[in-house]
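# Tertiary structure, described
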Amino acid sequence: MEAPLSIWFTIMLLSGLASFLPGSHAHIADFDDFWQHRSAEAWNSTLESFEPEPAKIVSKLNVHIGEETLNSTRRSLRGRRYTGPCMATNPIDSCWRCQANWATNRFRLADCGLGFGYKAKGGKNGKIYIVTDSSDNDLVNPKPGTLRHAVIQKGPLWIIFARDMMIRLSQELIVTSDKTIDGRGALVHIAYGAGITIQFVRNVIIHGLHIHDIVQGSGGLIRDSIDHYGIRTQSDGDGISIFGSQDIWVDHVSMKKCYDGLIDAVQGSTGITISNSHFTDHNEAMLFGASDSYSNDAKMQITVAFNHFGKRMVQRMPRCRWGYIHVVNNDYTHWNMYAIGGSKGPTIISQGNRYTAPPITVNRFAKEVTKREYSPESVWKSWTWRSQGDLFLRGAFFVESGDPNFLSKHPEKYDLTQAADARKVAYITRFAGALNCKPGVPC
């Protein structure tokens with residue numbers, strides 16, 4: 001089915017008008033009945049996914065971490081290629097990595113999520129779709145066998161790759177609900193083109209991809225489902241854009257050098273976990289909440305766990321508005337401005353992270369982990385930003401605010417269980433980033 005020729009002549013007109021569209025329409029030039037319906041469904045899904053007692057999810061994650069690392073005393077050898085037996089260093093990885101049959105039991109991964117994104121099951125129990133073609137030439141009628149054709153299919157789908165491939169997306173890749181993009185068993189790069197868009201959908205897992213050198217898409221006619229295509233305006237150039245979506249898990253990705261953010265989550269997105277990933281070579285890494293005026297982002301709940309923020313990172317790891325953000329057992333070895341920032345009173349719980357400030361030769365004035373924006377101290381002093389069990393190196397420090405007894409006041413929620421010892425973070429994050437998995441052997 002080809003797009004009617006007359007539609008093409010409207011693209012430039014609608015693209016020109018796009019700058020006047022409300023922000024909630026994102027890059028949808030024609031916010032038609034299809035998108036209006038999906039937007040309404042997305043907000044209902046946000047209300048369903050929202051955890052009224054988020055500290056219970058934090059507690060559950062901490063229990064798993066404690067069990068996994070209780071007897072661990074090994075030191076990390078990050079920087080050296082590991083050639084020994086399978087070594088799962090955190091509770092997510094221990095759930096699946098050291099099973100030799102992972103390639104024939106891929107759905108097992110869907111049961112391993114923790115944190116706020118624990119409900120994400122992706123394409124579990126759906127069909128397996130094998131991507132055999134790395135091209136991305138037809139945006140309205142995607143070629144079968146391509147990644148773009150896979151992500152628009154109806155129903156649950158577990159997407160894997162037939163071989164190593166580099167996919168240059170001509171325009172943003174619009175993913176539908178109930179999908180897993182699983183790069184295990186192949187070296188898959190999404191690079192030198194547009195990024196991945198998760199908009200007004202739910203239940204998506206992205207695992208095992210290299211995403212880098214992402215650029216803005218110019219927009220145009222793009223199919224966003226089997227039953228619909230429409231005109232999109234210019235995309236931002238995010239590696240992964242999560243917009244008005246719920247129950248999303250991003251795990252074991254390696255990301256760098258995207259035009260805008262590496263991972264942005266906005267417009268009431270919630271139920272998100274970003275874990276086991278490696279981030280390098282980027283300025284504004286993660287934006288959680290895009291507007292000080294969009295109070296619906298108060299429903300946003302995101303876990304950032306077991307990640308390594310590495311070389312040549314600058315800021316926004318993450319930068320938060322409104323919501324509830326749990327930052328646990330991450331290794332911050334590089335930043336040039338600050339690590340965690342925010343405005344509009346987000347709740348930020350930092351537990352068991354290792355923060356290493358930049359050396360004097362890089363920036364002697366960037367020792368503070370935190371940065372509040374657009375508010376005087378008289379306002380931000382009431383925001384709940386708490387550090388518990390974090391390790392601070394090379395003069396790093398975390399400026400806390402809010403109730404100093406916030407954590408201890410809620411033993412029924414936290415179970416008095418702490419995150420893993422921050423001194424073990426290098427071990428916990430030893431295998432952050434996309435893994436080199438081979439079928440038939442532990443990953």
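Residues numbered from 1 in each chain as written. Predicted model: local features only at pLDDT ≥ 70, side-chain atom pairs only at ≥ 80, totals over all residues. Heavy atoms only, no water.

Right, let's get into the overall build of the protein chain. Helix and strand counts for the protein chain stand at 10 helices and 31 strands. Within the protein chain, the proportion of its 443 residues that are buried is 59%. By sequence separation, contacts in the protein chain at least 24 residues apart represent 67% of the contacts at least 6 residues apart. With an accessible surface of roughly 17,900 Å², the protein chain has 53% of that area assigned to carbon and sulfur atoms. (Helix = DSSP H or I, 4+ residues; strand = E, 2+ residues; numbered from the N terminus. Buried < 20%, exposed > 50% of the residue type's maximum accessible area, 1.4 Å probe, protein only. Contact = heavy atoms within 4.5 Å. Areas by Shrake-Rupley, 256 points an atom, 1.4 Å probe, with all protein chains shown as cover.)

So, on to the side chain of T333. Within the secondary structure, T333 sits in the loop between β25 (331-332) and β26 (340-343). Among the polar contacts made by the side chain of T333, one reaches the side chain of H308 at a distance of 2.8 Å. (Polar contact = N/O pair within 3.5 Å; in protein donor to acceptor, adjacent residues only side chain to side chain.)

Next up on the list: the state of the cysteines. Inspection of the entire model under this criterion finds 3 disulfides. With a sulfur-sulfur separation of 2.1 Å, C86 is cross-linked through a disulfide to C98. One quick way to see it: the torsion about the S-S bond of C86 and C98 is about -85°, and its sign makes the bridge left-handed. Here C86 is found in the loop between α4 (54-69) and α5 (91-94), whereas its partner C98 is found in the loop between α5 and β1 (127-131), with 12 residues between them in sequence. Sulfur-sulfur distance for the disulfide between C95 and C112 comes to 2.1 Å. Disulfide C95 to C112: torsion about the S-S bond roughly -70°, handedness left-handed. On the criterion of sequence distance, the pair formed by C95 in the loop between α5 and β1 and C112 in the loop between α5 and β1 is long-range, its members being 17 residues apart. For C112, a relative accessible area of 3% puts it in the buried group. When the bonded cysteines of the protein chain are counted from the start of the sequence, the pairing works out to 1-3, 2-4, 5-6. (Disulfide = S-S within 2.5 Å.)

What follows concerns the sheet that holds strand β19 (residues 286-288). Read from one edge to the other, the open sheet built from 8 strands follows the order β4-β7-β12-β15-β19-β23-β26-β29, with strand pairing classed as parallel. The two strands at the open ends of the sheet, each matched to only one other strand, are β4 (173-174) and β29 (370-372). Here strand β23 (residues 319-321) pairs with β26 via 3 bridges, running parallel. From the neighbouring strand, R321 faces β26, where its bridge partner is S343. (Pairing = 2+ DSSP bridges.)

Attention now goes to the packing of aromatic side chains. Under the criterion given, the structure shown has 10 aromatic pairs. Ring centres of Y332 and Y355 lie 4.8 Å apart, and the angle between their planes is 25°; this geometry places the pair in the stacked category. Of this pair, Y332 sits in strand β25 while Y355 sits in strand β28 (residues 354-356), and the two are 23 residues apart along the sequence. Each of the two residues, Y332 as well as Y355, counts as buried. For the ring pair Y355 and F398, a centre distance of 6.5 Å and an interplane angle of 50° mean the geometry is tilted. On the criterion of sequence distance, the pair formed by Y355 in strand β28 and F398 in the loop between β31 (391-393) and α9 (411-414) is long-range, its members being 43 residues apart. Each member of the pair Y355 and F398 is classed as buried. Pairwise contacts between aromatic rings join F279, F309, Y332, W335, Y355, F392 and F398 into one cluster. (Phe/Tyr/Trp six-rings, centres within 6.5 Å; stacked < 30°, edge-to-face > 60°.)

This part covers the confidence of the model for the protein chain. Averaged over all residues, the pLDDT of the protein chain equals 87, while 81% of them reach at least 70. For residues 70-77, every residue scores under 50 in pLDDT, and the model assigns this stretch 9 contacts once sequence neighbours within four places are set aside. Between residues 412-417, whose pLDDT stays under 50, and residues either more than four places distant or in other chains, the model counts 16 contacts. (pLDDT = per-residue confidence, 0-100.)

Moving on, we come to the pattern of salt bridges. Throughout the structure, instances matching the rule amount to 18 salt bridges. R354 is the salt-bridge partner of D331, the closest N and O atoms lying 2.7 Å from each other. Taken as a pair, D331 in strand β25 and R354 in strand β28 lie far apart in primary sequence, 23 residues in all. Across the pair K371 and E373 runs a salt bridge, and its minimum N-O distance is 3.5 Å. Taking relative accessible area as the criterion, E373 reaches 13% and is therefore assigned buried. (Salt bridge = Lys/Arg side-chain N within 4 Å of Asp/Glu carboxyl O.)

This part covers the sheet that holds strand β5 (residues 179-182). Note on sheets: strands pair through backbone hydrogen bonds, and any given pair is parallel or antiparallel. An order of β1-β2-β5-β8-β13-β16-β20-β24-β27-β30 is seen for the 10 strands of this open sheet, with the pairing classed as parallel. The sheet is open, and its two edges are formed by β1 and β30 (385-388), each paired on a single side. Recorded for the sheet is a direction-independent mean angle of 10° between the axes of neighbouring strands. Examined bridge by bridge, strand β16 (residues 270-275) and strand β20 (residues 301-305) share 4 bridges and lie parallel to one another. Its bridge partner lying in β20, T273 is registered against T303. (Axes fitted to C-alpha atoms, helices over the stretch in contact; angles between N-to-C directions.)

Turning to the nonpolar core, a few remarks are in order. Formed by 66 residues in total, the largest nonpolar core has its most connected members in L147, F161, F288, W335 and Y355. Core analysis: the second largest hydrophobic core is formed by 25 residues, I92, A305, I428 and C443 among them. (Core = buried A, V, L, I, M, F, W, Y, C linked by side-chain atoms within 4.5 Å.)

The next subject is unusual backbone geometry. Along the chain, M317 connects to P318 via a cis peptide bond; the corresponding omega equals 5°. By secondary structure assignment, the location of P318 is in the loop between β22 (313-315) and β23. Positive phi outside glycine occurs at D213, with the angle close to 50°. Within the fold, D213 resides in strand β9 (residues 210-214). Residue classification places D213 among the partly exposed residues on the basis of a relative accessible area of 22%. The backbone of K344 sits at a positive phi, close to 60°, despite the residue not being glycine. Here K344 falls in the partly exposed class, since its relative accessible area comes to 36%.

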